Amino acid sequence: MQTPKTPSRRRVRSEAKTPLTPSLLTTFNAVSIDSPIKRATSTSIPLSDAFQRQASGGVIRKGGVESRLDVVTLDYVPPPKSVEVKRSRSTPVINLAERDRFITSRDHTLDVAATLDQMSLNAPSGSPTHTARLAAAAGVPLNRRILGYHLQPPSASSDTTLALQREFARPLYANRPGAVATSTGATTNKTRKIPTQPERVLDAPGMVDDFYLNLLSWSSLNCVAVALESSTYIWKADTGAVVQMGEAPAGTYVSSVNFSNDGAFLGIGLGTGEVELWDVERGVKLRTMAGHQAQVAVLSWWQHLLSSGCGDGSVWHHDVRVPRHKVMQMLGHNGEVCGLQWRKDGELIASGGNDNVVNIWDGRVGDTPIAGDAVPTGNAKWTKRNHTAAVKALAWSPWQPNLLASGGGTNDATINVWNSTTGARLHTHTTPSQITSLHFAPHRKELLSTHGYPTNAIGVWSYPGLERVAEIRDAHDSRVLFSAVSPAGDMVVTGAGDESLKFWKIWDIPAADKKSKASGRGEGVTRSGVLSIR
Amino acid sequence: MAPKQATRQAITLKGSTALVTEFFKYAVNTILFQREVYPSDDFHMVKKYGQVVLVTQDLALENYLEKILQQVQKWILTGSVTQLVLAILAKDTRTTLERWVFDIKLVEPPADSKEVTGKAEAEIQSEIRAILKQIVSMVTFLPVMQEDKVFNILAYTSDSADVPAGEWEDTDPLAIEASKSQQVKMRSFSTDVHRIEAMVAYRYEE
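What counts and what doesn't
- Residue numbers here run from 1 along each chain, matching the order of that chain's written sequence.
- Chain A is the first chain written and ligand 1 is the first ligand written, with later ones labelled in order.
- Per-residue local features are limited, in this predicted model, to residues with pLDDT of at least 70; the limit for side-chain atom pairs, both in listing and counting, is 80 or more; totals at the level of whole chains, interfaces and linings are taken over all residues.
- Here the side-chain values reflect all heavy atoms present in the structure, with hydrogen atoms and water set aside.
- Numbering of helices and strands starts at the N terminus; helices are DSSP runs of H or I of at least 4 residues and strands are runs of E of at least 2.
- Categorising residues by exposure relies on relative accessible area from a 1.4 Å probe, with only protein chains included: less than 20% of the type maximum marks a residue as buried, more than 50% marks it as exposed, and the intermediate range marks it as partly exposed.
- Residue-level accessible areas treat just the shown protein chains as cover; the underlying method is Shrake-Rupley with a 1.4 Å probe.
- UniProt positions are given in the numbering used here, feature names are shortened, and annotations may be inferred rather than shown by experiment.
- Nonpolar core, defined: a set of buried Ala, Val, Leu, Ile, Met, Phe, Trp, Tyr and Cys residues in which side-chain atoms within 4.5 Å join the residues together.
- We call two residues in contact when some of their heavy atoms are within 4.5 Å.
- What makes two strands pair is DSSP finding at least two bridges between them.
- The pLDDT score gives, residue by residue, the confidence of the prediction method on a 0 to 100 scale.
- Every angle, taken between N-to-C directions, lies between 0 and 180 degrees, and every axis is a line fitted to C-alpha atoms, over only the stretch in contact when it is a helix.
- By this rule the span expected of a helix is its residue count minus one, scaled by 1.5 Å.
- Note that the arc is defined by the directions from the helix axis to the C-beta atoms.
- The salt bridge definition used is simple: a Lys or Arg side-chain nitrogen within 4 Å of an Asp or Glu carboxyl oxygen.

1. Observations concerning the overall build of chain A
Next up, step 1: When helices and strands are tallied, chain A shows eight helices and 32 strands.
Next up, step 2: Within chain A, the proportion of its 534 residues that are buried is 52%.
Next up, step 3: About 23,700 Å² of surface is accessible on chain A, with carbon and sulfur atoms providing 54% of the total.

What follows is the structure, encoded as structure tokens:
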């Protein structure tokens, strides 16, 4: 009826785009127009008494500047008795100050619900032209325009799904667990800087990539023994000379090497179970101690006792001075023994096996021989079953005799530190990857660990905090399997399946030692390039 | 006396408009960041209102918001915009997931027109800060939106508003069905001239 002032074209468009509830059609009885931008057309509707009544009866009113769409909803509340409703249009309703629509029976705690209704205006039904006609008839100003900018917002610069994929793929690439972003792949904390490049690299062709073997040893006479398949080589650090110690019998391979404490003898364990004894100085084999039925994966010396860990789970003590070399056996593992370490004083010996067990044995061997072939059997002082993977890495602390550190394999990757006196577990630290060897620093309260996939790292940890002091990521191209600390206590040699030996300078020698050692070390060693050991 | 006061009023309106517009900029940025409409890498931290606010670095988005806010500012100045809505839609289905509603009201000067009681800037800022913090805290209970999202800004204007041709168009209100939505009213802030009330409605289906 009323001709809107706005151009009709715009009006229709606006109406067509403004969905109205179907309720509008039925309860289109009460509307008030109180917008600040009040339009003349709306006020010009003649207000009949009937309309007034209807308006007061319809209850749902809209008032206030804030209303978004002047539309009524379905709620029906009985007409209120108060007179305030009647003076609706001319005088401001009391509730006008509030932002809600004025519904007499409204509980004010339901404010939220009211706005909710306002929000839900897109009715699926209702012909736009009809609503438009109706609106025009009732004089409802559809003078609200909902405008949107003609352009769609720009899409994200980086695709979020792609980013998600990248997130998923990240573990495969640079950001490996615990990694810190550095270009060199090495991290050192502020107090310590360690060279992230090896001092020296030796070629070690044919080095067996087997976690369970122990193919590297560094003697107190500064010789490094390394087993490459069936051959054993000695690299004399003082001169840089390489000597081949000997060949394992045909058809077998060297599975472990270990220098005696004085460095004069080298024990070599074979895949067939024999343990050979070599004179390092002369380069001759002294004797072969047979008896084991499986591969001897690890050897450890204490003075005249050469202890061997076997694939069948037994540990034997061989007394190298007597013809009947087997003086004791210790049965405590169900799996292959791959870790074996005498304490320096010979009181205790620790063993770790593929059965995830760490045993600590009393190192004393009885003097009285038992008749026949029988040998005394040792008992484990402590048996620890906390690891969840094979225990190859074992280390006794040089500065606190009752500390034993053990490290588990891939599924475990945890360093445990034990008190061998009380049997208590003192510390536990989980690392990102398999632990292949452990060493306590000789002159510092630190612990060195070597790791396999995925970090292939050398880690230095403070003790007792077990905080990372330094880490050399990707020390080798494949998992770092073997390591040995130099007699001076500053260098560490690591061997890996990438067929190389790398020498790292991890620690400094204390000042007092430096003088004596400086002259001994470092000469005769070629400065650059890869030295072939063969 | 009278003309002096009039000038002052005009300046206040302009200043208030700028303030409100600026608030929208940061509120929209905060919402876009918090609701992960844009990847968080695109945002950088800016000190504003005595706190850290995350603002987009994406040039295209920056310009887009800038253009919208310029127009909004004009509308606020003329008092022809009553509501701004930031709707977050699912990218694929185009269903509205959230609606962040900002009511803009003109504060009527008191009838007994005495000296205009200027609201301290610090007070306004602390109110704004409260709203922005509330937006951040909303994340704790708003439903997680798994799908890809886009946003849309709607301006509810009066019919008489000047609409730059070809730039702004009448659109759907992008409302959420009443039965499937819940809403939470948020804090408000006011300057001497404007009062902004914020609310969020979100799709919530049991």
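2. Side note on the UniProt feature "repeat: WD" (unreviewed entry) in chain A
Residues and elements named next belong to chain A.
Next up, step 1: Here, the residues flagged by UniProt with the feature "repeat: WD" (unreviewed entry) are residues 330-362 and 473-506.
Next up, step 2: Taken end to end, residues 330-362 is 0% helix and 58% strand, and its two terminal C-alpha atoms sit 10 Å from one another.
Next up, step 3: As annotated, residues 473-506 has a helix share of 0% and a strand share of 53%, and its two end C-alpha atoms lie 14 Å apart.

3. Let's talk about the nonpolar core
Next up, step 1: B:Phe23, B:Phe24, B:Leu32, B:Trp100, B:Phe102, B:Leu132 and B:Phe151 are the most contacted members of the largest nonpolar core, which totals 54 residues.
Next up, step 2: With ten residues, helix H1 (residues 2-34) of chain B is the single largest residue contributor to this core.
Next up, step 3: Residues within four places of B:Phe151 in sequence aside, it is in contact with A:Pro153, B:Leu32, B:Val37, B:Tyr38, B:Leu61, B:Tyr64, B:Leu65, B:Leu86, B:Ala87 and B:Ile88.
Next up, step 4: Judged by nonpolar contacts, the second largest core, of 36 residues, contains A:Leu213, A:Ala248, A:Phe259 and A:Ala390.

4. Focus: the sheet that holds strand S14 (residues 314-319) of chain A
All names here are of chain A.
Next up, step 1: Spatially, five strands are ordered S12-S13-S14-S15-S19 in an open sheet, and the strand pairing comes out mixed. Since the sheet does not close on itself, it has two edges, and those belong to strand S12 (296-302) and strand S19 (377-378), each with one partner.
Next up, step 2: Taken together, the five bridges between S14 and strand S15 (residues 326-331) define a ladder with antiparallel strand orientation. Bridging across to S15, Ser-314 finds its partner in Leu-331.

5. Here we look at the environment of A:Met328
Residue and element names in this part refer to chain A.
Next up, step 1: Summarising the element assignment, Met-328 is placed in strand S15.
Next up, step 2: Residue class for Met-328 comes out buried when judged on its relative accessible area of 8%.
Next up, step 3: Here the alpha-carbon distance between Met-328 and Thr-377, two residues 49 residues apart in the chain, equals 5.8 Å.
Next up, step 4: When sequence neighbours within four positions are dropped, the list of residues in contact with Met-328 reads Val-315, Trp-316, His-317, Arg-364, Val-365, Val-375, Pro-376, Thr-377 and Gly-378.

6. Digging into the confidence of the model for chain A
Residues and elements named next belong to chain A.
Next up, step 1: The share of residues in chain A with pLDDT of 70 or more is 61%, and the mean pLDDT across the chain is 73.
Next up, step 2: Of all secondary-structure elements in chain A, the lowest mean pLDDT belongs to helix H5 (residues 111-119), at 40, while strand S21 (residues 391-396) reaches the highest, 94.
Next up, step 3: For the stretch residues 6-45, pLDDT sits under 50, and the model shows 99 contacts to residues farther than four places along the chain or on other chains.

7. Remarks on the sheet that holds strand S20 (residues 380-384) of chain A
All names here are of chain A.
Next up, step 1: Strands sit in the order S16-S17-S18-S20 across an open sheet of four strands; the sheet is antiparallel. Of all strands in the sheet, those with a lone pairing partner are strand S16 (337-342) and S20, marking the two edges. Each neighbouring strand pair of the sheet contributes to a mean axis angle of 15 degrees, computed without reference to strand direction.
Next up, step 2: Examined bridge by bridge, strand S17 (residues 348-353) and strand S18 (residues 358-362) share five bridges and lie antiparallel to one another. Across the sheet, the residue bridging to Leu-348 is Asp-362, located in S18.

8. Comments concerning helix H2 (residues 59-78) of chain B
Residue and element names in this part refer to chain B.
Next up, step 1: Along its 20 residues, H2 runs 29 Å from first to last C-alpha, staying within 8% of the 28 Å computed at 1.5 Å per residue.
Next up, step 2: Buried within H2 are the following residues: Leu-61, Tyr-64, Leu-65, Ile-68, Leu-69, Gln-71, Val-72, Trp-75 and Ile-76. Angularly, the buried residues of H2 cover 165 degrees about the axis, an arc narrow enough to put them on a single face. Relative to its buried face, H2 has exposed residues pointing more than 90 degrees away, namely Leu-59, Lys-74 and Thr-78.
Next up, step 3: Just downstream of H2 lies Gly-79, where phi reads positive at about 70 degrees.

9. Here's the deal with the pattern of salt bridges
Residue and element names in this part refer to chain A.
Next up, step 1: On inspection of all chains with the given rule, the structure shows 15 salt bridges over all chains.
Next up, step 2: The shortest N-O distance in the salt bridge between Arg-321 and Asp-319 comes to 3.0 Å.
Next up, step 3: When its relative accessible area of 56% is taken as the criterion, Arg-321 is described as exposed.
Next up, step 4: Assessed through its relative accessible area of 8%, Asp-319 is described here as buried.
Next up, step 5: By sharing partners, the salt bridges in this structure join Arg-468, Glu-471 and Arg-473 into a single network.

10. A word on helix H3 (residues 121-138) of chain B
Side chains of residues three or four places apart in an α-helix project in the same direction, reflecting 3.6 residues per turn.
Residues and elements named next belong to chain B.
Next up, step 1: A rise of 1.5 Å per residue sets the reference length of H3, with its 18 residues, at 26 Å; its end C-alpha atoms lie 26 Å apart and thus fit the reference within 8%.
Next up, step 2: When H3 is considered as a whole, its buried residues turn out to be Ile-124, Glu-127, Ile-128, Ile-131, Leu-132, Gln-134, Ile-135 and Met-138. Buried residues of H3, viewed axially, fall in a sector of 155 degrees; they line one side. Away from the buried face of H3 by more than 90 degrees, exposed residues Ala-122 and Lys-133 are located.

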